[in-house]
Each structure stands twice: as C-alpha cells, then as structure tokens.
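# Report on the structure
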Amino acid sequence: MNQKSNDGFLIVATRLKSFYIAGVYLAESIKDFWPEAQICFVCDEWMCDGREDVADYVLYPPRENDYRGKLWGMANTPFDRTLYLDADMVCEHEDLKIVFDQLEDYDMVFTSLNEDRDDVFKNRYFPAGKFELNGGVVLYNSSRQHVKDFMQRWWELYTKQHNHTWWPTDPETGEWDLVNYGNRNEMRWWDQFTLWWLLNKEEKWSDMNIGIFDDDLRWNYYTRYPVWNLYPKNPVIFSHHSTSLKKDRYEEYAFGDQMRTEMDYDGIYDSR
Amino acid sequence: MSKWLDNAFWVDNSKTAVKAILETDLGGGKVDRNVHTITKTADDGTENILWSQFFEQVSAEKVDKNTNERSARKEKERVIEAQRREETLRAKQLEALFDAKLKAFEIQDIKDCKNRQLKARLRKAKNMVEVNAFATIIIMEQINNESEEQ
C-alpha cells in the first residue's frame, strides 16, 4: 500500500437527494473498510442533513443543482491523488487500500468499456468512434496542473453541451455534425461524449497518460454484469448499482418537501 | 420449379416425420419458401408421396446431421437463456437489497445510531433477512438507550 497523506476519495451527489443518501452510504462503506481514508463529499447545501459529516471535506459547487457537479468536483478536489466514485457505488472489500498504487505514473486511470460489456453499455458506439473509458470511477493525479486543467475543461465543455451551446461542427458547412457524432440530444445527459472528444480531438490533451486499472472489473462492478462470463479475477472492491437511483423510485421518501423534478431542474438550468 | 432445402430435420426420434422448407422459384428473381411437416404416411395409412419426393433430394444422413446440430444449438440457446434469466433475477435481487439498505438507513433510529460496528454489519448484510435482523437490532438498541437515559 502506497498511501500518501493527501490521497483521498471524491464522492459527488448534486441535484437529487437520492444521490446524497447513496453518496453518504458509499462514504460510510469506505470507512467500514478503511477508517482513516480521507473523503471529500460534493453536494448541494439544501440537501444536507448532517450525515455528510462522515466526510473530511464538504464542498458546494458554485451552481446549485448542477447536472454534472461531478466534473466541478473533480476539478476542485482537495487531494493530490484522487479517486472519483459515482455516488451509487458501494465499497465491498478492504483491497480499496491499494487503489493509489494503481496510479503509478499515469495522469488518469479508468475502468474500460469494451465488447464484453456491451450488453450493459449499448450506447457506446457512434459513427465517428466509440467510448472506451468508463467515467464512473476515475483515479487521477490531481497534483498535476494539466490534469486539473483537463478536469476544468471537461466541466466547461460538458456544461456547454448540456446547454445546447456546443457540439462538433461539420468543417464544410459549419453546422453541428449530427451524422458522425450521433444523437446529440441523447448524448446531452452524459459526460462520456465530452470525455471522448477531449481525449481524441483536442490536441492539448493528446499527451495525457491514460491507464486502465489492473483487473479493472473489481474496481467498478455493475450489478447488471453477467457473473457467468464477466467477473474479476479477484474480489469486487466497488459494486455499482446504476439502476437503483432512478429518481422516481426515490422521490416518495428521499425528497420530501424538497422534491425537484427533472423538468423543474431543466427550467432552472436552461434559463441561466 | 420447386426444390427441398437440405436443412430439414426430424420432428422427433421416431424419424417418421421431417420438417423441411420447399423453395419455389416464381420467376423474375422472386422466390417463395414454405415450411412443411412431411409425414412418412398419409392420414389414411398409405405412403405419403411427398416423403419419397423429399428423400430423392435430401438424404436421411443429412437429416440426421441437421437434427443433431439443431439439437446442440437449441440446447446451447436454452442454457444461455436460462443463465440470462438467472442473471436478471440476481441483478434485480441485488438492486432490491441495495434499495432496502438505503431505506433502512432513512429510519430515524438507524440514522441516529452511533454504533458504527452494527451499522457496518447492516451495510454488509447479504440478504433481506440479514437487513431486517440488523435493522431491528439497531432500533432495539436505540430504544434501550432511550429507556436508560430516562
């Protein structure tokens, strides 16, 4: 284990109280296996009920209810080496303590999207390419300025995409290229497209040193994966419950008086 | 002009009926294909003329081979489908377990509980029975603590 004093875990739970509940649960599950682990929790102030105190740092993004507060959080981590985790994950094994060894000299380390996971990720293909990195778990060297700059750029570009003010253009017509880059409305909700774009199309990030976790399934194991033919060599460290946080299922108990629907949110966001 | 395709297979182990496709060239590049079940004998017990016509074009050995390959393929598909169903069920159970744990942690007594060890056991519960058991223990402990304080 090669832990430094300023290594830490980043959990982001903006916009929905259900993310907050799950994010707190994830933080507690990390502390179950590693009480000394440092955690930074990024959330909206309105959703806090005190349980965020499990974290060593609590940050509020400048824009409340940001659709991808994740990206702001990643750019503003207080740690030198950071493991970002989606809020709907759970720590299941003490081997999380070796996570920072995986960074080696890479700038960023991901789990991969590849053909054997296509049953779970059906929308990773588009005419001009395919997504190969899963943004649900990202280990990165946040002490390097160019890595933090990348995160900042990712947040800014995603925000533009989400607000319908950015999409790749056709060099000949100057119009948005809807032929090569797929369904922009569908892509709008994901940060995957902007991640792919930055790493594949923006020259500035072409030297970014990207790695893939060893035995990567154990770092981001979706409960929907078929255990018959898709299972890590070693025990799962983080399980991913991506189907559990369907907001509608949580509204009845998770939102209470502070319920915010997708439509409300979009209205707030798009008017800015 | 019609011909029997050679991908026919036996309907059952008695080998008294085959399922076969009759392809008819309608001219102009159009082809008509119909699936037939050809029995060895007609309903009145006489020899079925289609049966002999079919075996003039396709050998019994070829039908044997097709039948074996089809059986193997169907068995493989059945196993994969069963695995898929089991996977779906397993995934749903895991999601339901996760949901149940999150809901348990929304119960005020469990939220307020300071016993980290017990709460960790609830988080690590492997099934609904364990979730219910540890949730109950935590609530009981909270009630006992309140009684002692009073």
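The preceding data block contains the structure.
Residues numbered from 1 in each chain as written. Chains lettered and ligands numbered in written order. Predicted model: local features only at pLDDT ≥ 70, side-chain atom pairs only at ≥ 80, totals over all residues. Heavy atoms only, no water.

### Description of the overall build of chain B
Keep this limit in mind: Numbering goes from the N terminus for both helices and strands, where a helix is a DSSP run of H or I of at least four residues and a strand is a run of E of at least two. Note that the radius of gyration is over C-alpha atoms, with the globule rule given as 2.2 Å times the number of residues to the power 0.38. Think of it in three bands: residues with accessible area under 20% of the maximum for their type are buried, residues over 50% are exposed, and the middle band is partly exposed, with areas taken using a 1.4 Å probe on protein chains only. Contact definition: two residues touch when any of their heavy atoms are within 4.5 Å. Only the protein chains shown count as cover for residues, with accessible areas throughout obtained via the Shrake-Rupley method and a probe of 1.4 Å. Residues scored as positive are Lys and Arg, those scored as negative are Asp and Glu, and His as well as the terminal groups of each chain are ignored. Every charge is mapped to an atom, namely NZ of Lys, CZ of Arg, CG of Asp or CD of Glu.
Each helix and strand counted, chain B has five helices and four strands in total. The C-alpha radius of gyration computed for chain B amounts to 33 Å, which surpasses the reference 15 Å derived for 150 residues by more than 25%, pointing to a less compact arrangement than a globule. On the principal axes, the C-alpha backbone points of chain B span a range of 95 × 40 × 25 Å. Scored against the burial criterion, the 150 residues of chain B give a buried share of 29%. Taking the contacts inside chain B whose residues are at least 6 apart along the sequence as the reference set, 41% of them involve residues at least 24 apart. When the accessible surface of chain B is split by element, carbon and sulfur atoms take 51% of a total near 10100 Å². Positive and negative charge centroids in chain B, built from 27 and 27 side chains respectively, lie 5 Å apart.

### Some details on the nonpolar core
Residue and element names in this part refer to chain A. Rule in force here: Only buried residues count toward a nonpolar core, which is a set of Ala, Val, Leu, Ile, Met, Phe, Trp, Tyr and Cys residues joined through side-chain atoms within 4.5 Å.
Core analysis: the largest hydrophobic core is formed by 53 residues, its most contacted members being Phe9, Ile30, Leu83, Leu85, Leu96 and Phe238. Of all the elements, helix α1 (residues 17-33) adds the most residues to this core, at nine residues. Aside from chain neighbours lying at most four places away, what touches Ile30 is Phe9, Ile11, Ala37, Ile39, Leu85, Cys91, Leu96 and Phe238. If you look at the next biggest cluster of nonpolar residues, it comprises 46 residues, including Val120, Phe150, Trp155 and Tyr181.

### Here's the deal with the environment of A:Ala75
By the element assignment, A:Ala75 lies in helix α2 (residues 69-75). Excluding residues within four positions of it along the chain, A:Ala75 makes contact with A:Lys148, A:Met151 and A:Gln152.

### Observations concerning the packing of aromatic side chains
Under the convention used in this document: The rule is short: rings of Phe, Tyr and Trp, with Trp giving its six-membered ring, pair when the centres are within 6.5 Å, and they are stacked under 30 degrees, edge-to-face over 60, tilted in between. Either the NZ atom of lysine or the CZ atom of arginine qualifies as a charge over a ring when it sits within 6 Å of the ring centre and within 35 degrees of the ring normal.
Evaluated as defined, the whole model comprises 32 aromatic pairs over all chains. Ring centres of A:Trp167 and A:Phe193 lie 4.5 Å apart, and the angle between their planes is 20°; on these two criteria the pair is classed as stacked. In this pair, A:Trp167 is assigned in the loop between α3 (145-162) and α4 (184-187) and A:Phe193 in helix α5 (residues 192-201), connecting sequence segments 26 residues apart. Take A:Trp167: its relative accessible area is 2%, and that puts it in the buried class. A:Phe193 gets classed as buried once you look at its relative accessible area, which sits at 0%. If you follow B:Arg70 out to its NZ or CZ, it ends over the ring of B:Phe9, 3.8 Å from the centre.

### Side note on the packing of α3(A) against α5(A)
All names here are of chain A. We count it as follows: The angle between two axes is taken between their N-to-C directions and runs from 0 to 180 degrees, where each axis is a line fitted to C-alpha atoms and a helix contributes only its stretch in contact. We call two directions roughly parallel when the angle between them is under 35 degrees, roughly antiparallel when it is over 145, roughly perpendicular when it lies between 65 and 115, and oblique otherwise. In this scheme the handedness of a crossing depends on how the near helix is turned from the far one: anticlockwise by less than a right angle means left-handed, clockwise means right-handed. Put simply, Ala, Val, Leu, Ile, Met, Phe, Trp, Tyr, Cys and Pro go in the nonpolar bin, Asp, Glu, Lys and Arg in the charged bin, and everything else, Gly too, in the polar bin.
It is the contact of α3 with α5, at a shortest axis distance of 9 Å, that shows an interaxial angle of 125°. As judged from the angle between their axes, α3 and α5 are oblique. Crossing hand, α3 versus α5: right-handed. Contact residues: α3 offers Phe150, Arg153, Trp154, Leu157, Tyr158 and Gln161, while α5 offers Phe193, Thr194, Leu195, Trp197, Leu198 and Leu199. For the contact of α3 with α5, the class distribution of residues is nine nonpolar, two polar and one charged.

### A few points about the pairing of strand β2 (residues 39-43) of chain A
Residue and element names in this part refer to chain A. For the record, the criterion: Only strands joined by at least two bridges in the DSSP assignment are considered to pair.
The element β2 is extensively covered by neighbouring structure, given that five of its five residues are classed as buried. In β2, alternate side chains face the same way, and those of Ile39, Phe41 and Cys43 on one face and Cys40 and Val42 on the other are all buried. In this sheet, β2 lies alongside strand β1 (residues 7-13) in parallel orientation, the contact comprising five bridges. Counterpart to Val12 in the pairing with β2 is Val42.

### Some details on the sheet that holds strand β4 (residues 81-85) of chain A
Picture the strands of a sheet paired through backbone hydrogen bonds; they go either parallel or antiparallel. Residue and element names in this part refer to chain A. As summarised here, the arrangement of the seven strands in space is β3-β2-β1-β4-β9-β6-β10, forming an open sheet in which the pairing is mixed. Here the strands that pair on one side only, and so sit at the sheet edges, are β3 (57-59) and β10 (210-212). Strand-to-strand twist across the sheet, computed as the mean angle between neighbouring axes with direction ignored, equals 25°. For β1 and β4, the ladder comprises five bridges, and the chain directions are parallel. Within the sheet, the bridge partner assigned to Gly8 lies in β4 and is Thr82. Sheet strands in contact with α5 are β6 (108-112), β9 (133-141) and β10, and its direction is about 55° off that of β9.

### Things to note about a negative patch on the surface
All names here are of chain B. This is how the line gets drawn: What goes into a patch is any residue over 30% in relative accessible area without a salt bridge, connected to like charges within 9 Å or, for nonpolar side chains (Val, Leu, Ile, Met, Phe, Trp, Tyr), within 5 Å. Any Lys or Arg side-chain nitrogen located within 4 Å of an Asp or Glu carboxyl oxygen qualifies as a salt bridge.
Together, Asp112, Glu146, Glu148 and Glu149 line one region of the surface with negative charge. At three residues, the largest contribution of residues to the negative patch is made by helix α5 (residues 128-149). Residue placement: Glu146 occurs in helix α5.

### Description of the sheet that holds strand β12 (residues 238-240) of chain A
All names here are of chain A. Pairing within the open sheet is mixed, and its three strands lie in the order β5-β12-β11. In this open sheet, the two strands that pair with only one neighbour each are β5 (89-91) and β11 (221-222). The pairing of β5 with β12 spans three bridges and is antiparallel. Note on β12: the bridge partner recorded for Val90 is Ser239. Contacting β5 and β12, α1 runs over the sheet at an angle of about 15° to β5.

### So, the interface of chain B and chain A
Our working definition: Accessible area that two parts lose when put together, with a 1.4 Å probe and added across both, is what the buried area reports. The definition of a polar contact used here is a pair of N or O atoms within 3.5 Å, where within protein one atom must be able to donate a hydrogen and the other to accept one, and adjacent residues in sequence count solely through side-chain atom pairs.
Listed per partner, the contact involves 20 residues of chain B and 25 residues of chain A. Both sides together, the interface formed by chain B and chain A hides about 2100 Å², and carbon and sulfur atoms give 53% of it. At the boundary of chain B and chain A, one finds four salt bridges. For the salt bridge of A:Asp32 with B:Arg123, the shortest nitrogen-to-oxygen distance reads 2.6 Å. On the surface where chain B and chain A come into contact, there are ten residue pairs in polar contact (both at pLDDT 80 or more). Counting residues per element, the ones that place at least two in the side of chain B that touches chain A are α2 (60-104) and α4 (116-123) of chain B. Per-element accounting of the side of chain B that touches chain A gives the leading share, 13 residues, to α2(B).

So yeah, pure geometry; function would need other evidence.
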